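# Report on the structure
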Amino acid sequence: MNAPVLVDAHHHLWDLSHRPQPWLDDPDVASIRRTFAPEDLRSTATRPIAGRRLHGTVVVQCIAEIAETEDLLALAEREPLIQAVVGWADLTSPAIGDQLDQLIAGPGGGLLRSLRHLVQSETDPNWLQRPDVERGLRAIRDRGLGYDVLVRDHQLDQAIRLAERFPDLPQVLDHAGKPDIARQDLADWERGMRLLAVHPHVVCKVSGLITEADHTHWTTADIRPVWDVLLSAFGPDRLMFGSDWPVANLAGGWNRWAATVDELLTGWSVSDVDALLAGTATAFYGLAPAHSGPRRRDPAP
């Protein structure tokens, strides 16, 4: 029997000597304004969850540049810890199909599993329903890829409409839709999440929550109301653990978040723990099971 494993379904990496990350110019994130490489994650992520240590990860894009996605795919090709890549391509471009095909055909392209756009920064309240964006989403779907939905709590209606209009596109909501944990203003977020969870092809990342809380003073009690809503709405089989490292360093870091998740899992069955810590991510991103030999090099079906 294979030993149970832990998958971090959401983290970032960047090399500032190779590619700038303009968003790091914000003084509020000055503490993470440096290069982060896979070896930094290995040396940091030392705290087990439910007795499991980190086995594999999904690295996620940060900036709207094809070149960054190419960097991440090439890195994943040579880095065994990284089992999948969530990249970026211009969904609004008439050439989106060609962009995706070039990424898939390039170094590490078989590890491209999903695409993401920072919809949280778009001011158009219907951005995900724009005709040019929907054309891009169809191109993603037609290549057997998924889509990572990054919206804030007030944009959840876009995610709901996306789920309604694309029932055959696998979707995962990043950071649980960014609830306002710092102010405990959760009523509208909860309504949106329950409407979104009606759609069985949508799963949710339990990630990024501590950076939506008070960075200095948050406790497990602050996270629990959100955790309970996610569990009630989606169930363990549609939730996946993510660290959002190194952004998580702004609010305590990988190990503190891991300890919090470990505490919140108290009383869960082994099968439910396995779903949240590995199973859901493995299924959504088409990851190779532990000890199964070489990683798959084709997009997930």
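Computed from a predicted model, the values in this text were never measured in an experiment. (Residues numbered from 1 in each chain as written. Predicted model: local features only at pLDDT ≥ 70, side-chain atom pairs only at ≥ 80, totals over all residues. Heavy atoms only, no water.)

## What to know about the overall build of the chain
Helices and strands together make up the secondary structure of the chain, namely nine helices and eight strands. Against the compact-globule benchmark of 19 Å for 301 residues, the chain has a radius of gyration of 18 Å, which places it among compact chains. For the C-alpha atoms alone, the extent of the chain along its principal axes is close to 50 × 45 × 40 Å. Counting across all 301 residues of the chain, residues that qualify as buried make up 57%. When contacts within the chain are restricted to residue pairs at least 6 apart in sequence, those whose partners lie at least 24 apart make up 80%. A total of about 12,200 Å² of accessible surface is found on the chain, and carbon and sulfur atoms cover 52% of it. In the chain, which carries 29 positive and 42 negative side-chain charges, the distance between the mean positions of the two groups comes to 3 Å. (Helix = DSSP H or I, 4+ residues; strand = E, 2+ residues; numbered from the N terminus. Rg over C-alpha atoms; globule rule 2.2 N^0.38 Å. Buried < 20%, exposed > 50% of the residue type's maximum accessible area, 1.4 Å probe, protein only. Contact = heavy atoms within 4.5 Å. Areas by Shrake-Rupley, 256 points an atom, 1.4 Å probe, with all protein chains shown as cover. Lys, Arg positive; Asp, Glu negative; His and termini not counted. Charge placed at Lys NZ, Arg CZ, Asp CG, Glu CD.)

## Let's talk about the packing of aromatic side chains
Overall, the coordinates contain six aromatic pairs when judged by the stated rule. Judged by centre distance (5.3 Å) and plane angle (90 degrees), the rings of Trp-14 and Trp-23 are edge-to-face. You can call Trp-14 buried: its relative accessible area is 3%. Looking at Trp-23, the relative accessible area reads 31%, which means it is partly exposed. Among the aromatic residues, those joined into a ring-pair cluster are Trp-14, Trp-23, Phe-36 and Trp-245. A cation over a ring is seen here: Arg-256 above Trp-218, with NZ or CZ 3.7 Å from the ring centre. (Phe/Tyr/Trp six-rings, centres within 6.5 Å; stacked < 30°, edge-to-face > 60°. Lys NZ or Arg CZ within 6 Å of the ring centre and 35° of its normal.)

## A look at the pattern of salt bridges
Opposite charge on two side chains lets them pair, provided their charged atoms get close. The full count for this structure, using the stated rule, is 18 salt bridges. For Arg-116, the salt bridge goes to Asp-174, with nearest N and O atoms at 3.2 Å. A residue pair is termed long-range when its members are at least 10 positions apart, and Arg-116 in strand S4 (residues 112-117) and Asp-174 in the loop between strand S6 (171-173) and helix H6 (187-197) qualify at 58 residues. A relative accessible area of 0% places Asp-174 in the buried class. Close ionic contact of Asp-174 with Lys-205 constitutes a salt bridge, the shortest N to O distance being 3.6 Å. One end of the pair, Asp-174, is in the loop between S6 and H6; the other, Lys-205, is in strand S7 (residues 202-206), with 31 residues separating them in the sequence. (Salt bridge = Lys/Arg side-chain N within 4 Å of Asp/Glu carboxyl O.)

## Re the side chain of Thr-69
Along the polypeptide, Thr-69 turns up in helix H2 (residues 66-78). If we skip the residues at most four places from it in the chain, Thr-69 touches Gly-87, Trp-88, Leu-103 and Leu-112.

## Regarding unusual backbone geometry
Here Trp-245 and Pro-246 are connected by a cis peptide whose omega angle stands at 0 degrees. Along the polypeptide, Pro-246 turns up in the loop between strand S8 (239-241) and helix H8 (254-264). Phi is positive for Lys-178, which is not a glycine, with a value near 55 degrees. Within the secondary structure, Lys-178 is located in the loop between S6 and H6.

## Concerning the pairing of S7
The element S7 is largely enclosed, with a buried count of five among its five residues. Of the two faces of S7, the one carrying Val-202, Cys-204 and Val-206 and the one carrying Val-203 and Lys-205 are both buried. Taken together, the three bridges between S6 and S7 define a ladder with parallel strand orientation. Paired with Gln-171 across the strands is Val-202, a residue of S7. (Pairing = 2+ DSSP bridges.)

## A closer look at the sheet that holds strand S1 (residues 6-11)
Spatial ordering of the open sheet is given by S1-S2-S3-S4-S5-S6-S7-S8, a layout of eight strands whose pairing is parallel. Both edges of this open sheet fall to S1 and S8, since each of them pairs with a single strand only. The sheet shows a mean angle of 25 degrees between the axes of neighbouring strands, taken without regard to direction. With respect to the sheet, helix H5 (residues 156-165) is in contact with strand S5 (146-149), S6 and S7, its orientation differing from that of S6 by roughly 165 degrees. (Axes fitted to C-alpha atoms, helices over the stretch in contact; angles between N-to-C directions.)

## What to know about the pairing of strand S2 (residues 54-60)
The buried fraction of S2 is high, at six of seven residues. Pairing geometry for S1 and S2, over four bridges, is parallel. Along S2, the bridge assignment pairs Asp-8 with Thr-57. Taking the sense of rotation as the criterion, the β-α-β connection linking S1, helix H1 (residues 38-44) and S2 turns out right-handed. A crossover links S2 with its parallel partner strand S3 (residues 82-87), the connecting element being H2, and its sense is right-handed. (Right-handed = clockwise from strand over helix to strand, strands pointing away.)

All we've got here are geometric facts, nothing functional implied.
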